[in-house]
Structure formats: C-alpha cells, structure tokens
Amino acid sequence: MTLRAGVLAVQGDVSEHADAIERAAAAHGETAEVVEIREAGLIPDCDVLLLPGGESTTISRLVQREGIDSEITAHVEAGKPVLATCAGLIVAATDAHDDRVDTLNVLDVTVERNAFGRQKDSFEAPLDVAGLDDPFPAVFIRAPVIDYVGDGAEVLASWDGHPVAVRDGPVVGTSFHPELTEDPRIHDLAFFDSVES
Ligand SMILES: NC(=O)CC[C@H](N)C(=O)O
C-alpha cells in the first residue's frame, strides 16, 4: 500500500522527516506519499501525521489560525498514528506551562520548554527505546523535558531521569529529533507498529 503521510510544514525538518518516512515504508515493502500540511482540508485524507520541531509558539499559532487543530484532534480520535517531535511534542501535550502555546491535548503528558539545561542545549545520546533492539542515536536541540506522564501514556525511553519518548494510543512523542539521523526506526515504531497494511 501507499502510506499517505501528512507533515505539518509550518517550519521544521520537513524533507528530513519525509526521507525517514519513505525509508521506514520501504523497510515494509511499501511506499509513502508525503503531503505538506499548511492549511486545513488535507489531514482527513492522511493515514499518518507528523508534527515536527521548530518553535512551538509559532506552530501553535498557525495550527489554531488555519483551523488545523480540530483536524489533528479528529485524526487522533480516529485512532490514526501521529509522531510528534520536539516542538511538535510540546504542541501535542496537555500543557506546556506557557500561555503562548495552546496545546492540542492529544498526548497525556505535560512539558517544560527548553528545560534540558543551557550546557545541554544540543546534544546527542544513545537512547534505549522500548521495542528497539539497539540504542537509537537521539539528537536533542533545545529540547523540552516531559515533567508529568498521565495514566494514558507509556514511557518508551528516558534520558537523565526524564522521559524523552512516550506513547499515548496512536500518538508517539519524542523530545529529540529522530529525523536528524539516517535511522528510521522511530518513524517505523510510530507509524508501522500500529498501521494495518
Ligand atoms: N528543536 C525544537 O523543536 C525546539 C523546541 C523549542 N525550543 C520550543 O520550545 O518550541
């Protein structure tokens, strides 16, 4: 089958995510068609959705302004997969402790923006992730800390005592940027563990 993958293209690594999705699909003998989402009307036709990094304030504002927010919520309510990375994770959460970010409440965690500490603003870490055989090379860039995990969410990976990858039903969220390596296993975990082919 061809997986139709919507990538929120407000800002962030759209082409890197598209490459990772295509690689993950190829590993399953499938193809992926990537649709860049900047306006309402496209998400209802998508099988999976990717909310990339960037600035969560900007992403949140645009998602509300374009009316994309209710489409993302409906996508999740239909049980369709979402991968939300870094700022995408912040936007997907139930709260970001920041009035400028209107979160979508599709992932039962709260987050603290830019909370990994100044000396660690950007770093790479070999991460043990539930469901993966070998550590994942995780790149953190001004990453959010997940400071509360609700009953609905399951921790897939932690770093430095903090959860950094979580799953809540069809939604996987990561504090790090899985698209910045050649390794498509997080996209695979998010999209193909739960998509019927
Ligand atoms: N790499 C990122 O996506 C950074 C997230 C950004 N610091 C924010 O709070 O929105």
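This is a predicted model, so every value here is computed, not measured.

Definitions and limits used
- Residues numbered from 1 in each chain as written.
- Predicted model: local features only at pLDDT ≥ 70, side-chain atom pairs only at ≥ 80, totals over all residues.
- Near = placed C-beta within 6 Å.
- Nonpolar A, V, L, I, M, F, W, Y, C, P; charged D, E, K, R; others polar.
- UniProt positions renumbered as here; feature names shortened; annotations may be inferred.
- Helix = DSSP H or I, 4+ residues; strand = E, 2+ residues; numbered from the N terminus.
- Buried ≥ 20, exposed ≤ 12 C-beta atoms within 10 Å, placed from the backbone.
- Contact = placed C-beta atoms within 7 Å.
- Pairing = 2+ DSSP bridges.
- Axes fitted to C-alpha atoms, helices over the stretch in contact; angles between N-to-C directions.

**Quick notes on the site of the ligand**
- Every residue lining the ligand is accounted for by Gly53, Gly54, Glu55, Ser56, Cys86, Ala87, Ile90, Arg113, Asn114, Ile141 and Arg142.
- In terms of residue class, the shell around the ligand is made up of four nonpolar, four polar and three charged.

**Some words on the UniProt feature "active site" (unreviewed entry) in the protein chain**
- In the numbering used here, UniProt assigns the "active site" (unreviewed entry) feature to Cys86, His177 and Glu179. A stretch of 94 residues holds the annotated residues, and the largest C-alpha distance among them is 11.0 Å, short enough that they meet in one place.
- Residue position: Cys86 is located in the loop between β4 (82-85) and α4 (87-92).
- You can call Cys86 buried: it has 30 C-beta atoms within 10 Å.
- Take Glu179: it is sitting in the loop between β11 (171-174) and α5 (185-191).
- We classify Glu179 as buried; it has 28 C-beta atoms within 10 Å.
- Once residues within four sequence positions are removed from consideration, Glu179 is found in contact with Asp13, Glu16, His17 and Ala20.

**Quick word on the sheet that holds strand β9 (residues 154-159)**
- Strand order in the open sheet made by the seven strands is β2-β1-β3-β4-β11-β10-β9, with mixed pairing throughout. In this open sheet, the two strands that pair with only one neighbour each are β2 (31-37) and β9. Put simply, the sheet's adjacent strands are angled 20° from each other on average, direction ignored.
- Direction of pairing for strand β1 (residues 2-8) relative to β2: parallel, over a ladder of seven bridges. By the bridge assignment, Thr2 is partnered in β2 with Thr31.
- With respect to the sheet, helix α1 (residues 14-27) is in contact with β1, β2 and β3 (48-51), its orientation differing from that of β2 by roughly 155°.

**Focus on the environment of Arg4**
- Topologically, Arg4 is positioned in strand β1.
- Along the chain, Arg4 and Ala40 lie 36 residues apart, while their C-alpha atoms are 16 Å from each other.
- Residue contacts for Arg4: discarding those within four places in its chain leaves Glu33, Val35, Asp45, Cys46 and Asp47.

**Some thoughts on the UniProt feature "binding site: L-glutamine" (unreviewed entry) in the protein chain**
- Mapped onto this structure's residue numbering, the UniProt feature "binding site: L-glutamine" (unreviewed entry) falls at Gly54, Glu55, Ser56, Arg113, Ile141 and Arg142. Spatial clustering of the annotated residues is evident: they stretch over 89 residues in sequence, but the largest pairwise C-alpha distance comes to 13.0 Å.
- Within the secondary structure, Glu55 is located in the loop between β3 and α2 (56-65).
- Taking the number of C-beta atoms within 10 Å as the measure of exposure, Glu55 has 18 and is therefore partly exposed.
- Those residues in contact with Glu55, other than ones at most four positions away along the chain, are Gln11 and Ala87.
- A count of 16 C-beta atoms within 10 Å places Ile141 in the partly exposed class.
- Setting aside residues up to four positions removed in sequence, Ile141 forms contacts with Gly53, Cys86, Ser122 and His177.

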